[in-house]
Amino acid sequence: MTYDEFFSLALQREDCIEGTSYGTPAVKRKSRFMFRLIEDGETIAIKIDWLSHDRLLAAYSEVLYKTPHYTGYPAFLVHLDHLTPELATELIQISYEDAPSPARTLKRS
């Protein structure tokens, strides 16, 4: 899957807008961060609620991963070239539902 395909899926949802984050293309809902393209152009960083976070990482370890930068935060990285349309839709939906809720994004201790 390409970033443009992923991006297009997200923009089909109400209140999603194109933006930037750290100088790269991003999608936000009601001005809240959902995901962004990482500088390599092949990876996205996506915010996912804690309830879904660990389940998704365990189930899709070939597609989803974390670097030390994201440890303790409800976000992970996604290899776009390994992403299926079904998983993309699920990730976008979870991020979309969580985007208006900044209180749930606090760092884990």
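The shown structure was predicted, so the numbers you read here are calculated from the model rather than taken from an experiment.

## Things to note about the packing of aromatic side chains
One pair of aromatic rings is described through two measures. These are the centre distance and the angle between the planes.
Step number 1: If you walk through the whole model with that rule in mind, you get three aromatic pairs.
Step number 2: Taking 6.1 Å as the distance between ring centres and 70 degrees as the angle between the ring planes, the aromatic pair formed by Y3 and F35 counts as edge-to-face. Of the two residues, Y3 sits in helix α1 (residues 3–11) while F35 sits in strand β3 (residues 32–37), which places them 32 residues apart along the sequence. Pair check on accessibility: Y3 and F35 agree, each one buried.
Step number 3: Summarising the aromatic geometry, the rings of F6 and F35 are spaced 4.7 Å apart at their centres and angled 75 degrees between planes, so their arrangement reads as edge-to-face. Highlighted residues: F6 in helix α1 and F35 in strand β3, separated in sequence by 29 residues.

## Re the pattern of salt bridges
Step number 1: One pass over the structure, following the stated rule, counts four salt bridges.
Step number 2: For K30, the salt bridge goes to D15, with nearest N and O atoms at 4.0 Å. Residue K30 is located in the loop between β2 (24–29) and β3, and its partner D15 is located in the loop between α1 and β1 (16–21); the two are separated by 15 residues in the primary sequence.
Step number 3: Between E90 and R55 there is a salt bridge, with its nearest N and O atoms 3.1 Å apart. Taken as a pair, E90 in helix α3 (residues 85–98) and R55 in helix α2 (residues 50–59) lie far apart in primary sequence, 35 residues in all.
Step number 4: What makes E90 partly exposed here is its relative accessible area of 25%.

## Some words on the nonpolar core
Soluble globular proteins tend to bury their nonpolar side chains together.
Step number 1: Grouped together as the largest cluster of nonpolar side chains are 28 residues, with contacts concentrated most on F6, F76, V78, L83 and L91.
Step number 2: Put simply, the parts of the chain that give this core at least two residues each are α1, β3, β4 (43–47), α2, β6 (75–79) and α3.
Step number 3: A per-element tally of this core places α3 first, with six residues.
Step number 4: When sequence neighbours within four positions are dropped, the list of residues in contact with F6 reads M1, F35, I44, I46, L80, L83, A88 and I92.
Step number 5: I38, A45, Y70 and A75 belong to the second largest nonpolar core, which has five residues in total.

## A closer look at the side chain of T24
Step number 1: Inspection of the secondary structure puts T24 in strand β2.
Step number 2: Judged by its relative accessible area of 8%, T24 falls in the buried class.
Step number 3: Dropping the residues within four chain positions of it, T24 is found in contact with G19, R36, L37 and E39.

What counts, and at which threshold
- Residues numbered from 1 in each chain as written.
- Predicted model: local features only at pLDDT ≥ 70, side-chain atom pairs only at ≥ 80, totals over all residues.
- Heavy atoms only, no water.
- Phe/Tyr/Trp six-rings, centres within 6.5 Å; stacked < 30°, edge-to-face > 60°.
- Helix = DSSP H or I, 4+ residues; strand = E, 2+ residues; numbered from the N terminus.
- Buried < 20%, exposed > 50% of the residue type's maximum accessible area, 1.4 Å probe, protein only.
- Salt bridge = Lys/Arg side-chain N within 4 Å of Asp/Glu carboxyl O.
- Core = buried A, V, L, I, M, F, W, Y, C linked by side-chain atoms within 4.5 Å.
- Contact = heavy atoms within 4.5 Å.

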